[in-house]
Amino acid sequence: MQIIQSVNEMQSHAIGLRSSGRLIALVPTMGCLHEGHLSLIDIAKEKADKVIVSIFVNPTQFGPNEDYDKYPRMLEADIEKCRERGADIVFNPPLNEMYPDGYSTYVDEDHITDGLCGISRPQHFRGVTTVCLKLFNITRPDIAVFGQKDAQQCAVIRKMVSDLNIPAEIVIGPTLRDEDGLATSSRNAYLTPLQRTEALSIFKALTIAKGMVDEGVRSVDRVIAEITHTLSLSRRVRVIYVQIVDRDTMKPAREILPGKQVITVAVWVEQTRLIDNILI
Ligand code: PAF
């Protein structure tokens, strides 16, 4: 497995791979890799000849009071995990090559980013779309693999790729959960054992909600009320939002239409912000 840090070297290597006819898959990450990320590498390996895992903690997607500084960084362990999982290249660019002094160009998606996480994290998706377009331009992927846990991010990236005619297929891997049901996330590392137990109410609430939909409940208000109630039983959990939205537009649903929507939840578990969702 190669480890490439220089942006220019990565770009010329990717151009070379493409011209020799190799299919490239990119798995963009911010490191602190867990089984969720590794399952995306597995998907990438099935679909492409060369798998690039990018590891870059992207400052432009963090708000001023967010956890950029304390975001867990464990490059050596991440590289080892990528090697064991069979990635071909780890691309780990330095900050000053991704955002040199005087950097001033950003990508904005205008509609999908309006609601949900876009409300409490106003600059977040602009940072995500910007860095993903840069990573796409540097690594030239035929396929880029993202995780369903970030449902709004997936919708925004799909829209950017379509709107900007980016020649890459976006593949979404399912949310991976620990045995207790908690969705894998790098931010789970912040949770104390007690907070983690409380965080289990997220998946419990989503499972109850999915059960209601499967049994024929079509009232958005009823399902949201049930989720909110279940979450409220955990003292350390504070709801940021609970919404049922269209999978593509992320606009709130008026009634439940199975097969087209996703139930999305964001909460604070004390100081840790967690998101999760379930397709319905
Ligand atoms: O999902 C993430 O880890 C990040 O938002 C991404 C896609 C790597 C962009 O920094």
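What counts and what doesn't
Residues numbered from 1 in each chain as written. Predicted model: local features only at pLDDT ≥ 70, side-chain atom pairs only at ≥ 80, totals over all residues. Heavy atoms only, no water. Near = heavy atom within 4 Å. Polar contact = N/O pair within 3.5 Å; in protein donor to acceptor, adjacent residues only side chain to side chain. Areas by Shrake-Rupley, 256 points an atom, 1.4 Å probe, with all protein chains shown as cover. Helix = DSSP H or I, 4+ residues; strand = E, 2+ residues; numbered from the N terminus. Nonpolar A, V, L, I, M, F, W, Y, C, P; charged D, E, K, R; others polar. Pairing = 2+ DSSP bridges. Right-handed = clockwise from strand over helix to strand, strands pointing away. 1 Å grid on protein atoms, 1.4 Å probe; cavity = no way out; pocket = protein on both sides within 12 Å on 5 of 7 lines; lining within 4 Å. Points joined across faces, edges and corners; volume = space filled by probe spheres on them.

S.K.: Report on the site of the ligand, specifying residues and quantitative values.
M.R.: Lining the immediate surroundings of the ligand are P28, T29, M30, N58, Q61, V128, V131, C132, F146, D150 and Q153. A distance of 2.6 Å separates an oxygen atom of the ligand from a polar atom in the side chain of Q61. In the model, an oxygen atom of the ligand is placed 2.7 Å from a nitrogen or oxygen of the Q153 side chain. If the ligand stood free it would expose 290 Å²; the protein chains cover 90% of that surface. Residue assignment for the shell around the ligand shows that the elements contributing at least two residues are β2 (24-29) and α6 (124-139). It is α6 that contributes the most residues to the shell around the ligand, three residues altogether. The residue makeup of the shell around the ligand, split by class, is six nonpolar, four polar and one charged.

S.K.: Hey, could you go over the pairing of strand β6 (residues 169-173) for me, with residue numbers and the actual values?
M.R.: When strand β5 (residues 143-147) meets β6, the two strands line up parallel, connected through five bridges. Pairing of G147 across the sheet is with G173, part of β6. Of the crossover connections in this fold, the one passing from β5 over helix α7 (residues 151-163) to the parallel β6 is right-handed.

S.K.: Tell me about empty space enclosed by the protein, residues and numbers included.
M.R.: One pass over the full model with this rule turns up one cavity of 30 Å³ or more. Its volume calculated, the largest cavity comes out at about 50 Å³. Looking at the largest cavity, the residues that line it are L182, A183, S185, N188, I202, L274, I275 and D276. For the lining of the largest cavity, the element with the highest residue contribution is strand β9 (residues 272-279), accounting for three residues. Classifying every residue of the lining of the largest cavity gives five nonpolar, two polar and one charged.

Take it as geometry only, folks, not as evidence of what the structure does.
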